[in-house]
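For reference, the chains in residue letters:
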Amino acid sequence: MKNNNFENITDAYQLVSGARIKGKKQDEIFELGNYDANKRGYTVYPYEEGVKFNDFSVVISEKELKNNYLIESAKTASLRTDTVSPEMMMMSRYLKSA
């Protein structure tokens, strides 16, 4: 994704589960998970080519997110259409035929 699809994080209300973020200095894209009050941070999952990797996650504080990360703009997020994998399509067709 291009940098013009991302904007600075100005408020904690922008940090919602499912939002896409990227580092200001790196090109990797991550997806925000839920806020973990025990660890005082947000769970962040790697995101690549439409796939969120649930097997690996890190916890990042709100302050670090605001200072070092950009968030996908609301306009871009509203236009996003997540693609469904072919395996899921085949499974749904199989279940409908049963």
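Residues numbered from 1 in each chain as written. Predicted model: local features only at pLDDT ≥ 70, side-chain atom pairs only at ≥ 80, totals over all residues. Heavy atoms only, no water.

A. The arrangement of the pairing of strand β2 (residues 20–23) in detail. Side chains Arg20 and Lys22 project from β2 onto one buried face, and the interleaved Ile21 and Gly23 project onto a second face that is buried too. Bridge count for β2 against strand β3 (residues 29–36) is three bridges, and the pairing is antiparallel. Opposite Lys22, over in β3, you have Ile29 as the bridge partner. (Buried < 20%, exposed > 50% of the residue type's maximum accessible area, 1.4 Å probe, protein only. Helix = DSSP H or I, 4+ residues; strand = E, 2+ residues; numbered from the N terminus. Pairing = 2+ DSSP bridges.)

B. Quick peek at unusual backbone geometry. Not every positive phi belongs to a glycine, and Arg40 is a case in point at roughly 55°. Residue placement: Arg40 occurs in the loop between β3 and β4 (41–48). Its identity is not glycine, yet Glu49 carries a phi of approximately 50°, on the positive side. Of note, Glu49 is situated in the loop between β4 and β5 (51–52). Glu49 sits in the exposed class, given a relative accessible area of 76%.

C. Geometry of the pattern of salt bridges. Inspection of every chain in the model, using the stated rule, returns four salt bridges. Between Lys22 and Asp27 there is a salt bridge; the shortest N-O distance is 3.8 Å. Residue Asp27 is classed as exposed on the basis of its relative accessible area, which comes to 66%. Where Lys66 meets Glu62, a salt bridge forms, and the shortest distance between an N and an O atom there is 3.5 Å. Remark: Glu62 and Lys66 occur in helix α1 (residues 62–68); sequence separation between them is four residues, near one turn of the helix. Judged by its relative accessible area of 28%, Lys66 is partly exposed. Judged by relative accessible area, which is 29%, Glu62 ranks as partly exposed. Ionic contacts of the salt-bridge type, sharing partners, join the residues Arg20, Glu31 and Lys52 into one network. (Salt bridge = Lys/Arg side-chain N within 4 Å of Asp/Glu carboxyl O.)

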